[in-house]
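Remarks on the overall topology
So the chains spell out like this:
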There are 2 protein chains.
Amino acid sequence: MQVSAKVDYGMRALLFLAQSYQEDPSALVKGDAISKGQTIPIKFLEGILTELRNAGFIISQRGAVGGYRLSRAPQKISLAEVIRVLDGPLAAVRGLRPENVNYEGSAAHLQDVWVGVRTALRDVLENVSLADVVSGEFGTQLTELLSQPDAWVSRPAYESN
Amino acid sequence: MQVSAKVDYGMRALLFLAQSYQEDPSALVKGDAISKGQTIPIKFLEGILTELRNAGFIISQRGAVGGYRLSRAPQKISLAEVIRVLDGPLAAVRGLRPENVNYEGSAAHLQDVWVGVRTALRDVLENVSLADVVSGEFGTQLTELLSQPDAWVSRPAYESN
DNA sequence: TACTTTCTCTACTGCTTTAGTAGAGATTAG
DNA sequence: CTAATCTCTACTAAAGCAGTAGAGAAAGTA
């Protein structure tokens with residue numbers, strides 16, 4: 001799973017807005033403040049914020065006292081929703097959704113694997129909200145994943161040459 | 001997680017070889033047979049097979065009775081290994097491994113999420129072998145994921161416009 | 001009204017990756 | 001020595017990714 005710059009920036013922007021929301025749900029945050037607060041190129045960020053507004057996650061206002069704010073409580077926005085809006089389906093095989101790929105012969109059951117992978121991703125991302133990330137307190141699901149012995153250790157793909 | 005054509009083709013090629021291996025571990029399968037058996041463009045496939053050989057998964061032989069075969073039992077090759085060789089790390093954020101990204105302020109704990117996602121992917125893909133896919137009989141991990149109510153149902157990212 | 005601030009919209013650009021294709025060369029068996 | 005098959009280098013077209021530019025529209029303020 002490759003998390004694109006767009007998703008990474010978009011998620012950080014929403015987390016920034018989530019924090020502001022918890023202090024004052026109606027407060028507007030300027031694009032410039034998000035850009036500087038999270039080190040995101042302003043023009044790129046603006047495009048992402050527009051997408052997030054079209055998807056209904058945030059509300060924007062123009063003018064001297066303008067800015068952005070979440071349209072609902074950060075507890076009610078899951079990371080899965082955000083990723084789907086900015087990057088499309090959580091899992092896809094050659095551009096197709098897992099249930100739509102057609103395999104033959106010895107590969108017949110490969111489809112089950114991709115469907116399982118998607119479910120695994122959902123189990124994590126649908127159950128983590130913006131508020132969870134801001135607070136750093138996650139449910140048992142993610143907490144257990146993080147407590148696995150080498151969760152933080154990378155696995156090299158050792159090429160033989 | 002986007003499964004690329006390369007990974008999809010490579011996996012299917014290996015599954016084809018895995019089936020042959022189970023009938024006769026030393027039998028050589030021609031590239032042409034894999035290409036036709038799994039409907040993969042021959043020249044594209046050849047490049048993928050070369051990578052798989054470099055990574056040690058398969059052995060090749062040239063000449064009139066040439067072909068390809070697995071270098072070890074299909075029970076000993078996990079899907080995670082194959083993906084890492086053909087496509088790189090299971091999870092990455094803007095090209096970086098999850099443990100190497102640096103977040104600030106309200107996004108600080110976002111790193112935990114990506115590490116958790118990687119672990120979730122590992123839990124599935126490291127525990128499924130080529131032999132498992134050929135037989136269609138998976139361990140409890142994947143079996144449970146597939147038995148979830150709407151594992152096969154897609155979740156639309158409903159855009160408000 | 002005029003002005004400033006801030007979001008909005010369209011368009012563009014450079015770069016990299018993806019998914020292939022082409023063809024000559026190297027091995028091997030018979 | 002010939003036919004079959006894998007191997008290696010090079011090339012290409014299209015798409016996606018990351019980011020930039022600038023004019024336009026809305027909102028508050030002097």
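Residues numbered from 1 in each chain as written. Chains lettered and ligands numbered in written order. Predicted model: local features only at pLDDT ≥ 70, side-chain atom pairs only at ≥ 80, totals over all residues.

The subject of this paragraph is the overall build of chain A. Each helix and strand counted, chain A has seven helices and four strands in total. In chain A, the succession of helices and strands from N to C terminus is β-α-α-α-β-β-α-β-α-α-α. Dimensions of chain A along its principal axes, counting C-alpha atoms only, are 65 × 35 × 35 Å. If you take every contact in chain A between residues at least 6 apart in sequence, the share linking residues at least 24 apart comes to 60%. (Helix = DSSP H or I, 4+ residues; strand = E, 2+ residues; numbered from the N terminus. Contact = placed C-beta atoms within 7 Å.)

Further remarks concern helix H4 (residues 79-87) of chain B. One full turn of an α-helix is made of 3.6 residues, so residues set three or four places apart face in the same direction. Where H4 of chain B is concerned, the buried positions are Leu79, Ala80, Glu81, Val82, Ile83 and Val85 of chain B. Against the buried residues of H4 of chain B lie helix H5 (110-125) of chain A together with helix H1 (5-23), helix H3 (42-54) and helix H5 (110-125) of chain B. (Buried ≥ 20, exposed ≤ 12 C-beta atoms within 10 Å, placed from the backbone.)

Once that is clear, we can look at the pairing of strand E2 (residues 58-61) of chain A. Residues and elements named next belong to chain A. Where E2 meets strand E3 (residues 67-70), four bridges bridge the pair, whose relative direction is antiparallel. Looking at E3, one finds that serine 60 is bridged to tyrosine 68. Connecting E2 to the next strand, E3, in antiparallel fashion are five residues, including glycine 63 with a positive phi near 95°. (Pairing = 2+ DSSP bridges.)

Here we take up the packing of H1 of chain B against H3 of chain B. Residues and elements named next belong to chain B. The N-to-C vectors of H1 and H3 enclose an angle of 75°; their axes lie 10 Å apart at closest approach. As the angle between them shows, H1 and H3 are arranged roughly perpendicular. Every residue of H3 that contacts H1 at Lys6, Tyr9, Gly10, Ala13 and Leu14 is listed here: Phe44, Leu45, Ile48, Leu49 and Leu52. Looking at the contact of H1 with H3, its residues break down into eight nonpolar, one polar and one charged. (Axes fitted to C-alpha atoms, helices over the stretch in contact; angles between N-to-C directions. Parallel < 35°, antiparallel > 145°, perpendicular 65-115°, else oblique. Nonpolar A, V, L, I, M, F, W, Y, C, P; charged D, E, K, R; others polar.)

All names here are of chain B. Across its 13 residues, H3 extends 18 Å between first and last C-alpha, which sits within 8% of the 18 Å expected from 1.5 Å per residue. Of the positions making up H3, those classed as buried are Leu45, Ile48, Leu49 and Leu52. All buried residues of H3 project into a common sector of 105° when viewed along the axis, lining one side. H3 presents Lys43 and Thr50 as exposed residues on the side facing more than 90 degrees away from its buried surface. Tucked inside the fold, the buried residues of H3 contact H1, helix H2 (31-38), strand E2 (58-61) and strand E3 (67-70). Of the residues flanking the end of H3, it is glycine 56, one or two places downstream, whose phi is positive at about 90°. (Expected span 1.5 Å × (residues − 1). Arc of directions from axis to C-beta.)

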